[in-house]
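# Analysis of the macromolecular model
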Amino acid sequence: MNHWAHFPHEADVGIRGVGDSKQEAFEQAAMALTAVVTDQQRIAPLEEVTITCSAPDDELLLVDWLNALIYEMATRKMLFARFEVHLSGRDLTAKAWGEKVDVARHEPAVEPKGACYTELVVRQNPTGAWIAQCVVDV
Amino acid sequence: MDLQKFTQLSETEWRVEAFDGMRVPGVIFGTEELIRQMDQKVFEQLINVACLPGIVKAAYAMPDAHWGYGFPIGGVAAFDPDRGGVVSAGGVGFDISCGVRSLRTGLRVEDVQSVKARLADVLFRRIPAGVGSRGRLRLDRFDVDAMLCGGAQWAVERGYGVKQDLERIEERGCMKGAKPMAVSDHAKNRQRDEMGTLGSGNHYLEVQSVAKVFDVEAASALGIQEGEVVISIHCGSRGLGHQIGTEFLKEMVVAAADSDIDLPDRELACAPIHSEIGERYLGAMRAAINCALANRQILTHLLRQAMQEVFPGAELTLIYDVSHNTCKVEEHPVNGRSMRLYVHRKGATRAFGPGHPDLPDALRATGQPVLIGGTMGTASYILIGTKESEKHSFSSSCHGAGRQMSRHQALKNWQGRQVVDDLAKRGILVRSPSYRGVAEEAPGAYKDVSAVVDAADRAELSRKVARLEPLITIKG
């Protein structure tokens, strides 16, 4: 059931993670974020980075998680392909695996500037699936 | 967009009176055709902006308006600090002080045609562009703070450019009131090796021909003629601005309730101008403006070096440098009296008319140049500010073509390689590290920039001076 998708936004791009649990939806949203930049299949999960963040509610926590990833991508010049998220109340601890940007191999299309509150949703569907989505400014 | 709620005031001005929580009316500039093409979300976002505390006169949308986050992109709103007015991190956006700078080259189109491929390669090699690119300049923490205070002035003092450049930059190249202390270590860290980089997405460096002059007198004042070559740079404050936007957006969302601000959309995160957060944001945002000005100044230096390699002795002089994601303190007449307002322009260009005291001497009689970036397959425009735009839109005009299609849809419609090949057949050389990036920025993904600019001209927001057509585009 776990998967990710992009949804249209006129100027930027919407990212959506769907998972059996909230954690998995957050992991899938991160996959969708990477897919804004490049095809994840091209990224080797060689290097591990630990990320922690906290926020007053689930939706702000999703934005914080994605923005923490964007910060790591920007400062380490890395792309990530695998994620492991743990949620405890309003605290998130995660590991992300990836590698340094290789322009020739990754052909990165665009750099995410920040995750927005536009179309921001974290909720559980009546079917039981968790959705975690927002628009990312690129 | 559904126009039912609007009253048409002229061919290019549409107004929706205040309803529900709106404190002021909403006004959209554009032809009926352009406005009907806009997403309904532009209407919703315009209405939401009109609900913010302390907003003065109206919430405005320019002819290139499209669905943004919080504010529509192409949105303008001014706030009175003495009537609870707010400053909004969402109203400035992530790419603080993103803008356009255009330079004269003194070259004719025929000079460039014979060496176009070589020039494209040299520019692509020398201008750091795209995801993961690094600038050659490394700043320690003292340098970063000096840069954040000094902007392009700092860059010129460091040897990146000449003093004359500063006359042709908004704020003379240095935004006053910047507070490096208000900028987080994360934001400074994110900028560590990004000075002098173009970025990605819709950012570019473009060699352009002056294809048509509409106003010979104004063009002459700007020093441009048909058949000449100009070069334009479109980029902003890079990672530092993005990080400041990210951090203050969250802080303002969380703090809004403490200030009794009921946000119609969390993306409109704002704080009273007279508040600790508001003042801290203004200090950080102004520092980011200086970062953008310094960045475009360093890129100009790299561009000049590249041009020397192909055209020894060529002199590049600034036409002007505008920022289109800002909040600036300006004096504007409202109901017959001058007011000091905090004017947010989100994807909108300041367009001071002739005689404005903030213009440099050489441009005071002409008005402020308004530099409109188009697409790599169509055109860009130079316009000039009008006196009329003062009463219409707090002296503001459009900023670009505006997207009409999501990146998602653009990727379905075009292959990057095909776009590059098709443009090459038309004599436009594109250099980019990413074909996918090119596909997402395909000319067809944007509105007709000429229709947008014509509407801005007819609405008296700014007046057309010249049309620029691309010869070489370096895409990030």
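Refer to the structure presented above.
This report concerns the structure included in the present document. (Residues numbered from 1 in each chain as written. Chains lettered and ligands numbered in written order. Predicted model: local features only at pLDDT ≥ 70, side-chain atom pairs only at ≥ 80, totals over all residues. Heavy atoms only, no water.)

### Description of the layout of surface pockets
Residues and elements named next belong to chain B. The space that makes up the largest pocket amounts to roughly 390 Å³. Forming the walls of the largest pocket are 17 residues, and the residues nearest its centre are Glu171, Met175, Val329, Arg350 and Asp358. Element by element, the count of residues in the lining of the largest pocket is highest for strand 12 (residues 325-334), at four residues. Taken together, the residues that form the lining of the largest pocket break down as five nonpolar, one polar and 11 charged. (1 Å grid on protein atoms, 1.4 Å probe; cavity = no way out; pocket = protein on both sides within 12 Å on 5 of 7 lines; lining within 4 Å. Points joined across faces, edges and corners; volume = space filled by probe spheres on them. Helix = DSSP H or I, 4+ residues; strand = E, 2+ residues; numbered from the N terminus. Nonpolar A, V, L, I, M, F, W, Y, C, P; charged D, E, K, R; others polar.)

### Focus on the interface of chain B and chain A
Taken together, the contact between chain B and chain A spans 46 residues of the former and 42 residues of the latter. Its largest share of buried area at the contact with chain A, chain B owes to Trp67, Val131 and Arg266 of chain B, together 19% of the area lost on that side. Inspection of the chain B/chain A interface yields eight salt bridges. Two residues, Asp193 of chain B and Lys77 of chain A, come together in a salt bridge whose shortest N-O distance is 3.7 Å. Taken together, the links from chain B to chain A amount to 19 residue pairs in polar contact (both at pLDDT 80 or more). Where the side of chain B that touches chain A is concerned, the elements lending two or more residues are strand 4 (59-69), helix 8 (185-191), helix 10 (238-256), helix 13 (407-413) and helix 15 (435-440) of chain B. For the side of chain B that touches chain A, the element with the highest residue contribution is helix 10 of chain B, accounting for eight residues. (Contact = heavy atoms within 4.5 Å. Buried area = accessible area lost by both parts, 1.4 Å probe. Salt bridge = Lys/Arg side-chain N within 4 Å of Asp/Glu carboxyl O. Polar contact = N/O pair within 3.5 Å; in protein donor to acceptor, adjacent residues only side chain to side chain.)

### Details of the packing of helix 10 of chain B against helix 11 (residues 276-310) of chain B
Residue and element names in this part refer to chain B. At a closest axis distance of 9 Å, the pairing of helix 10 and helix 11 adopts a crossing angle of 165°. One finds that helix 10 runs roughly antiparallel with respect to helix 11. Between helix 10 and helix 11 the crossing geometry is left-handed. Here helix 10 contributes Arg238, Leu240, Gly241, Ile244, Phe248, Glu251, Met252 and Ala255 to the contact with helix 11, which in turn contributes Ile277, Arg280, Tyr281, Ala284, Ala288, Cys291 and Asn295. Its residues assigned to classes, the contact of helix 10 with helix 11 comprises 10 nonpolar, two polar and three charged. (Axes fitted to C-alpha atoms, helices over the stretch in contact; angles between N-to-C directions. Parallel < 35°, antiparallel > 145°, perpendicular 65-115°, else oblique. Left-handed = near helix turned anticlockwise from the far one by under 90°.)

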